Number of protein chains: 4
Amino acid sequence: MCVSTLPPMTSPLNNLPLYRQLADLLAKQIEEGKLRPGQPLPSELHLQQTYGVARGTVRMAMRDLRDRGLVVTVHARGTFVAEQG
Amino acid sequence: MCVSTLPPMTSPLNNLPLYRQLADLLAKQIEEGKLRPGQPLPSELHLQQTYGVARGTVRMAMRDLRDRGLVVTVHARGTFVAEQG
Amino acid sequence: MCVSTLPPMTSPLNNLPLYRQLADLLAKQIEEGKLRPGQPLPSELHLQQTYGVARGTVRMAMRDLRDRGLVVTVHARGTFVAEQG
Amino acid sequence: MCVSTLPPMTSPLNNLPLYRQLADLLAKQIEEGKLRPGQPLPSELHLQQTYGVARGTVRMAMRDLRDRGLVVTVHARGTFVAEQG
DNA sequence: GTGGTCTAGACCACA
DNA sequence: GTGGTCTAGACCACG
């Protein structure tokens, strides 16, 4: 309901779409090692609730991360940090 | 194709731009209480079709009303009559 | 976590599987006219929460009702009481 | 509203999602030369109405075609058959 | 109980 | 008047 629980954006470069902001936030966690290869990301439902966005927005972020090669998605299992991350 | 199907205006103010005529028309409905605080305005598409104007015209009218403080727009939800109407 | 919160069943038929109990309960509501032809059933999520059952249970109950010809399911729209109910 | 104006599927292999069926249909037209390089595809709105699907479905089909390298999309202009098609 | 597909329809950015 | 983003919430396939 709130537009975002995403960290306040202080940079002027943040006119990015919400899904991109979410993707970047998760990408950062992967690159920093907070999410490690093989480890599952939070579920789509969890991400929706955590960040207060719609599921479609979460899915767009996931697709973004897949396109960057950072994660792999397994149907009915979850989305995981890519091994060669 | 965007010739005004706006209700005939008998006032001499018709030299105003279309978007302004539309904004004034909606403002009048708000001020008269036909559209009440918290209530959604008709969608952009509906306004286009009802008044036979182009989408940009509707958007300019909405911007006008926002600037006057008469309505608030919520992304992906709609435009609503402001509470302090 | 899926222990039945279904309304207390006083009948001896409680040895039936949960999904069957739920299907019977909904079938009864249809036959009694509490749910009328063309009317949507509660959503899968609502039924899960209302009766404290898992999603698969709800889906099995829906399948059961479809097999009995009591409801029709329309993709992405919902499940509705069949017209010849 | 009808599920599809897509040609009746006689093959048993057609358990494909709707967006994929639409993408394949357009891909076929491109490969057969009915849509030529540089030429615009029908607009998303037109495709929605022609095939009776939701916009999201059309957009998924467009993404599919972009991923296959068959089309390129230009914001606010349209989607065009790729030149090296 | 996850991700996958689909509907319906809103406003936005751009030309 | 196009494509882009976003909401909300439905049912489906799979494990």
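About the cut-offs
All chains use their own residue numbering, which begins from 1 and follows the written sequence. Chain A is the first chain written and ligand 1 is the first ligand written, with later ones labelled in order. Since the coordinates come from a predicted model, pLDDT governs what is reported: local features require at least 70, and pairs of side-chain atoms require 80 or more to be given and counted, while whole-chain, interface and lining totals use all residues. As a rule here, side-chain values come from all non-hydrogen atoms in the structure, and water together with hydrogens is ignored. Counting from the N terminus, the helices are the DSSP runs of H or I reaching at least four residues and the strands are the DSSP runs of E reaching at least two. When accessible area is computed with a 1.4 Å probe and restricted to protein chains, residues below 20% of their type maximum are described as buried, those above 50% as exposed, and intermediate ones as partly exposed. Whether two residues touch is decided by their heavy atoms; if any such pair falls within 4.5 Å, the residues are in contact. What sets the accessible areas is the Shrake-Rupley method with a 1.4 Å probe; for residues, cover comes only from the shown protein chains. Residues are counted as near a molecule or strand when any one of their heavy atoms sits within 4 Å of it. We call two N or O atoms a polar contact when they sit within 3.5 Å, provided that within protein one can donate a hydrogen and the other can accept it, with sequence-adjacent residues counted only if both atoms are side-chain atoms. As a working rule, the residues Ala, Val, Leu, Ile, Met, Phe, Trp, Tyr, Cys and Pro are called nonpolar, Asp, Glu, Lys and Arg charged, and the rest polar, with Gly in that last group. One speaks of a salt bridge when a side-chain nitrogen belonging to Lys or Arg is within 4 Å of a carboxyl oxygen belonging to Asp or Glu. Two kinds of site are reported from a 1 Å grid over the protein atoms alone, namely cavities, where a 1.4 Å probe fits but cannot get out, and pockets, open sets with protein on both sides within 12 Å along at least five of seven lines, and residues are called lining when an atom falls within 4 Å of a point. Grid points are joined across faces, edges and corners, and a volume is the space filled by probe spheres set on the points. Here a strand pair is declared whenever DSSP counts at least two bridges between the two strands.

Visitor: Is there a simple way to think about the overall build of chain A in this case?
Guide: From N to C terminus, chain A includes three helices and two strands. In sequence order, the secondary structure elements of chain A are arranged as α-α-α-β-β. The buried share of chain A, reckoned over its 85 residues, is 28%. Considering only residue pairs separated by 6 or more positions, chain A has 56% of its internal contacts joining residues 24 or more positions apart. Accessible surface, chain A: about 5,600 Å² in total, of which carbon and sulfur atoms supply 54%.

Visitor: Can you help me understand the protein's contact with DNA strand F in this one?
Guide: In the vicinity of DNA strand F, 36 residues are found, and the nearest of them are Leu18 and Thr57 of chain A, Arg55 and Arg59 of chain C together with Arg55 of chain D. Atoms of DNA strand F within 4 Å of the protein belong to the sugar or the phosphate in 66% of instances, the rest to bases. Separating a phosphate oxygen of DNA strand F from a side-chain N or O atom of Thr57 of chain A is a distance of 2.6 Å. For the surface near DNA strand F, the secondary structure elements donating two or more residues are helix H1 (18-31) and helix H3 (55-67) of chain A, helix H3 (55-67) and strand S2 (78-81) of chain C together with helix H2 (44-51), helix H3 (55-67), strand S1 (71-74) and strand S2 (78-81) of chain D. Classifying every residue of the surface near DNA strand F by side-chain character gives 13 nonpolar, 13 polar and 10 charged.

Visitor: Honestly, the pattern of salt bridges in this entry has me stumped. Any pointers?
Guide: Side chains that carry opposite charge are capable of pairing whenever their charged atoms lie near each other. Counting across every chain of the model gives 19 salt bridges over all chains. Close ionic contact of Arg68 of chain C with Asp64 of chain C constitutes a salt bridge, the shortest N to O distance being 2.8 Å. The network of salt bridges with shared partners includes Arg20, Asp24, Asp64 and Arg68 of chain A.

Visitor: Would you explain the layout of surface pockets in this entry?
Guide: To find leftover empty space, a probe the size of one water molecule is rolled over the atoms. A volume near 2,400 Å³ is recorded for the largest pocket. Forming the walls of the largest pocket are 50 residues, and the residues nearest its centre are Glu44, Arg55, Gly56 and Arg59 of chain A together with Met60 of chain D. If you list the elements that add at least two residues to the lining of the largest pocket, you get helix H2 (44-51), H3, strand S1 (71-74) and strand S2 (78-81) of chain A, helix H2 (44-51) of chain C together with helix H1 (18-31) and H3 of chain D. Its residues placed into classes, the lining of the largest pocket shows 21 nonpolar, 15 polar and 14 charged. The space that makes up the second largest pocket amounts to roughly 840 Å³. Around the second largest pocket, the lining is made up of 22 residues, and of these Arg55 of chain B together with Ser43, Glu44, Leu45 and Arg55 of chain D lie nearest the centre. Looking at the lining of the second largest pocket, the elements that each hand over two or more residues are helix H2 (44-51) of chain B together with H2, H3, S1 and S2 of chain D.

Visitor: Looking at this model, I keep getting lost on the protein's contact with DNA strand E. Mind explaining?
Guide: Among the 35 residues in the neighbourhood of DNA strand E, the closest are listed as Arg55 of chain A, Arg55 and Arg59 of chain B together with Leu18 and Thr57 of chain D. Of what DNA strand E places within 4 Å of the protein, 64% of the atoms are sugar or phosphate. Between DNA strand E and the protein, one listed contact pairs a base nitrogen with a side-chain N or O atom of Arg55 of chain A at 2.5 Å. Of all the secondary structure elements, the ones that give two or more residues to the surface near DNA strand E are H2, H3, S1 and S2 of chain A, helix H3 (55-67) and strand S2 (78-81) of chain B together with H1 and H3 of chain D.

Visitor: Looking at this structure, I do not really get the pairing of S2 of chain C. What am I missing?
Guide: As a general feature of sheets, a regular strand has side chains that alternate between the two faces. All names here are of chain C. In terms of strand pairing, strand S1 (residues 71-74) meets S2 through four bridges, oriented antiparallel. Across the sheet, residue Val72 finds its bridge partner in S2, namely Phe80. Linking S1 back to S2 in an antiparallel pair, the connection comprises three residues, with Ala76 at a positive phi of about 65°.

Visitor: Explanation requested: the side chain of Thr79 of chain B in the structure shown.
Guide: All names here are of chain B. Summarising the element assignment, Thr79 is placed in strand S2. Here Thr79 falls in the buried class, since its relative accessible area comes to 13%. Among the polar contacts listed, one links the side chain of Thr79 to the side chain of Thr73, at a separation of 3.0 Å. With sequence-adjacent residues up to four places away left out, Thr79 is seen in contact with Gln39, Pro40, Leu41, Met62, Val71, Val72 and Thr73.

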